[in-house]
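Results of the structural survey
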Amino acid sequence: QVQFKESGGGLVQSGTSLRLSCTVSGRTTNELAMSWFRQVPGKEREFVAGISWTRMTKYAERLRGRFTVSRDNAKNAVYLQMGYLEPEDTAVYYCAARPLLVTVSPDTYNYWGQGTQVTVSS
């Protein structure tokens, strides 16, 4: 059974940093693009950042510079380093995967984690 599990969420203060992790079990991350999405109640799931199998990265423009995505294929893991967090970053953050290339549409992803809550207080 393939599982994607996020961790690292929590309650933090505005201006601080947080690192999310997503570990994969049941298969390798070979040839998978790994991405992060986020969602708040009542809104659509939003692309945050992604990294392809060849380590090409893509970011939501308004998050570029504050967030950094990386992966460790030996550990079957992908990470999201979030800096200078703002209350507007409060959301459930999801890890997702699809073959090879990063896309911004959640409908194109085959695998999803259960999500981890990030809450940023002002």
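Residues numbered from 1 in each chain as written. Predicted model: local features only at pLDDT ≥ 70, side-chain atom pairs only at ≥ 80, totals over all residues. Heavy atoms only, no water.

**Overview of the sheet that holds strand E8 (residues 77-82)**
- The 4 strands are arranged E1-E3-E8-E7 in an open sheet whose pairing can be described as antiparallel. Looking along the sheet, the strands with just one partner apiece sit at the ends: strand E1 (3-7) and strand E7 (67-72). On average, each strand axis in the sheet is inclined to that of its neighbour by 15 degrees, with strand direction left out of account.
- In the sheet, E1 pairs with strand E3 (residues 18-25) via 5 bridges, with the strands oriented antiparallel. Among the inter-strand pairings, Phe4 is bridged to a residue of E3, identified as Val24. (Pairing = 2+ DSSP bridges. Helix = DSSP H or I, 4+ residues; strand = E, 2+ residues; numbered from the N terminus. Axes fitted to C-alpha atoms, helices over the stretch in contact; angles between N-to-C directions.)

**Things to note about the side chain of Asn73**
- Mapping Asn73 onto the fold places it in the loop between E7 and E8.
- Side-chain polar atoms of Asn73 contact the side chain of Thr29, separated by 3.4 Å.
- Once you skip the residues sitting within four places of it in the chain, Asn73 turns out to touch Thr29, Trp53 and Arg55. (Polar contact = N/O pair within 3.5 Å; in protein donor to acceptor, adjacent residues only side chain to side chain. Contact = heavy atoms within 4.5 Å.)

**Thoughts on unusual backbone geometry**
- Although it is not a glycine, Glu31 sits at a positive phi angle of roughly 65 degrees.
- Despite not being glycine, Tyr84 has its phi angle at roughly 45 degrees, a positive value.
- Among the residues examined, Tyr84 registers a relative accessible area of 62% and is labelled exposed. (Buried < 20%, exposed > 50% of the residue type's maximum accessible area, 1.4 Å probe, protein only.)

**Digging into the pattern of salt bridges**
- Within this structure, the stated rule accounts for 6 salt bridges.
- Note that Arg38 and Asp89 form a salt bridge whose closest N and O atoms lie 2.9 Å from each other. You can see Arg38 sitting in strand E4 (residues 32-39) and its partner Asp89 sitting in the loop between E8 and strand E9 (91-99), a full 51 residues away along the chain. Each member of the pair, Arg38 together with Asp89, is buried.
- Each of Arg38, Glu46, Arg62, Arg66, Glu86 and Asp89 takes part in one network of salt bridges that share partners. (Salt bridge = Lys/Arg side-chain N within 4 Å of Asp/Glu carboxyl O.)

Just distances and angles here, no functional claims.
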